[in-house]
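# Topology and contacts: notes
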Amino acid sequence: MTTMKVLISGASVAGPALAQLLHRDGHQVTVVERAPALRDSGYAVDFRGAAFEVLDELGILDEVRAHDTRMRGTTLLDGAGAVTGELPAEAFAGELEVPKRELTRILHRLTSDGVAYVFGDSIATLTPHDSGVSVTFERAAPRDFDLVIGADGVYSTVRRLAFGPHADAVRHLGMSGAGFTTANHLGLDRRGVLQRTGDTAIYLFSAGDPDRLTVSLSFATASAALDRCDRAAQQDAVRTAFAGHGWQAPRLLEAMARAADFHFASACQVHLGRWSHGRIALVGDAGYGAAPTSGMGTSQALLGARSLARQLAAAGGDHTAAFAAYEAELRPYVTRNQTLGREAAALFGAGDRPAVEGAQPAP
């Protein structure tokens, strides 16, 4: 098979996994990541089904298992904080759950010797031509690549440049939320508590670090526009949504303002008629995000990376044939996961909203 120069945008899960598989096949791989270093935020991620085969193929299954959060379940609470029920660990943690920061560290260590990483930079323009794609960057010098792969999330730069504005692909599922960590004042030990009140939800859990409490404050929204706003606007929206709430809400809102690891995201899916355009293709959330409510994002990213790498190998580097086979193989699986994502969002009272409504993220 002809050796190719491949540029991957995104250093979270799909990007490094694909980079390692392509490197094993002899390709020269560069990963560009907008963040200045590996991202250290985000909730725990879980693995289900065939994702274990990919971890095993990458040679990291045992290492990933060593970081199992070993969650024991989630207690359901009413608006006053009284216990109303219990959910098993599998409801949130799948068959295996690990902190996302640990997974990204493992994947980076796995790939750091054979894959070139460029942190603190992003793709500025993509210009396809007969033999490749000319790429300019925000900081680095321009370069040519045989293939460009977008593995850069729901608001993918590669997708925006090659396929069109975010509003054409991103579908909002009616809920948004803030996440951060704070002191574990509830003393939770590998357990979670979930309180739903109207169109808001508070989910708290402690896993891995007994001194820290991971906080999720979710609420109904008409669009994903808040995703593109600054932290002050996002926190104002959270405070408005939880104004007047009792139990832990006042304390959590105070902790949110001080949190160094605050992040904000909406439950969104990505829908495209095709996942490739010439020599440019998408993998993971960038091409077919199923939303966090599906519980399948990480598994889908890993399976997408394996499928794309295998199809490129099977096609001898013929990207046209490989991209078509990759999409044909994976799309039924993605369709099922996206259905799961919409159904789970509906359980939070968000599913009856139009998929795209009101203000949309900036193109």
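Description of the structure in this document. (Residues numbered from 1 in each chain as written. Predicted model: local features only at pLDDT ≥ 70, side-chain atom pairs only at ≥ 80, totals over all residues. Heavy atoms only, no water.)

Formed by 74 residues in total, the largest nonpolar core has its most connected members in Ile8, Phe47 and Val148. Not counting residues within four places of it along the chain, the set of residues in contact with phenylalanine 47 comprises Phe52, Leu55, Val64, Gly94, Glu95, Leu96, Val98, Leu103, Thr298, Ser299 and Leu302. Ranked by size, the runner-up nonpolar core spans 23 residues in total, among them Leu77, Val193, Leu204 and Ala259. (Core = buried A, V, L, I, M, F, W, Y, C linked by side-chain atoms within 4.5 Å. Buried < 20%, exposed > 50% of the residue type's maximum accessible area, 1.4 Å probe, protein only. Contact = heavy atoms within 4.5 Å.)

Along the chain, histidine 172 turns up in strand β12 (residues 170-183). Engagement of the side chain of histidine 172 in a polar contact is seen with the side chain of threonine 221, the distance being 2.9 Å. Side-chain polar atoms of histidine 172 contact the backbone oxygen of serine 223, separated by 3.3 Å. (Helix = DSSP H or I, 4+ residues; strand = E, 2+ residues; numbered from the N terminus. Polar contact = N/O pair within 3.5 Å; in protein donor to acceptor, adjacent residues only side chain to side chain.)

Turning to helix α10 (residues 297-314), a few remarks are in order. The first and last C-alpha atoms of α10 sit 26 Å apart over 18 residues, in line with the 26 Å expected at 1.5 Å per residue. Most of α10 sits out of view: 14 of its 18 residues are buried. Downstream of α10 by one or two residues, glycine 316 has phi in the positive range, about 65°. (Expected span 1.5 Å × (residues − 1).)

Okay, unusual backbone geometry next. Negative phi characterises most residues that are not glycine, and trans characterises most peptide bonds. The phi angle at arginine 70 is positive, at roughly 50°, despite the residue not being glycine. Locating arginine 70 in the fold gives a position in the loop between α3 (61-65) and β4 (74-77). Given the relative accessible area of 49%, arginine 70 is considered partly exposed. We note that alanine 291 has phi near 85°; this positive angle belongs to a residue other than glycine. Inspection of the secondary structure puts alanine 291 in the loop between α9 (285-288) and α10. Residue alanine 291 is classed as buried on the basis of its relative accessible area, which comes to 6%.

One way to put it is that helix α2 (residues 51-58) packs onto α10 with a least axis distance of 9 Å and a crossing angle of 60°. The orientation of α2 with respect to α10, classified from their angle, is oblique. For the pair α2 and α10, the sense of crossing is left-handed. Of the residues in α10, those touching α2 at Ala51, Glu53, Val54, Leu55, Glu57 and Leu58 are Ser299, Leu302, Leu303, Arg306 and Arg310. Class assignment of the residues belonging to the contact of α2 with α10 gives a composition of six nonpolar, one polar and four charged. (Axes fitted to C-alpha atoms, helices over the stretch in contact; angles between N-to-C directions. Parallel < 35°, antiparallel > 145°, perpendicular 65-115°, else oblique. Left-handed = near helix turned anticlockwise from the far one by under 90°. Nonpolar A, V, L, I, M, F, W, Y, C, P; charged D, E, K, R; others polar.)

Right, let's get into the sheet that holds strand β18 (residues 280-282). One open sheet holds the six strands; their spatial order is β7-β2-β1-β11-β18-β17, and the pairing between them is mixed. Two strands in the sheet have a free side with no partner beyond their single neighbour: β7 (116-119) and β17 (276-277). With three bridges joining them, strand β11 (residues 147-150) and β18 adopt parallel strand pairing. Residue pairing for β18: valine 148 is matched across the bridge by isoleucine 280. Sheet strands in contact with helix α1 (residues 14-24) are β1 (5-9), β2 (28-33), β7 and β11, and its direction is about 165° off that of β1. (Pairing = 2+ DSSP bridges.)

Quick look at the packing of aromatic side chains now. What the rule picks out here adds up to five aromatic pairs. Considering the side-chain rings of tryptophan 275 and tyrosine 288, the 4.3 Å spacing of their centres and the 40° angle between planes classify their relative orientation as tilted. Pair noted here: tryptophan 275 is in the loop between β16 (263-270) and β17 and tyrosine 288 is in helix α9, with a separation of 13 residues, a long-range link. For tyrosine 288, a relative accessible area of 1% puts it in the buried group. The rings of Trp275, Tyr288 and Tyr326 are connected pair by pair, giving a single aromatic cluster. (Phe/Tyr/Trp six-rings, centres within 6.5 Å; stacked < 30°, edge-to-face > 60°.)

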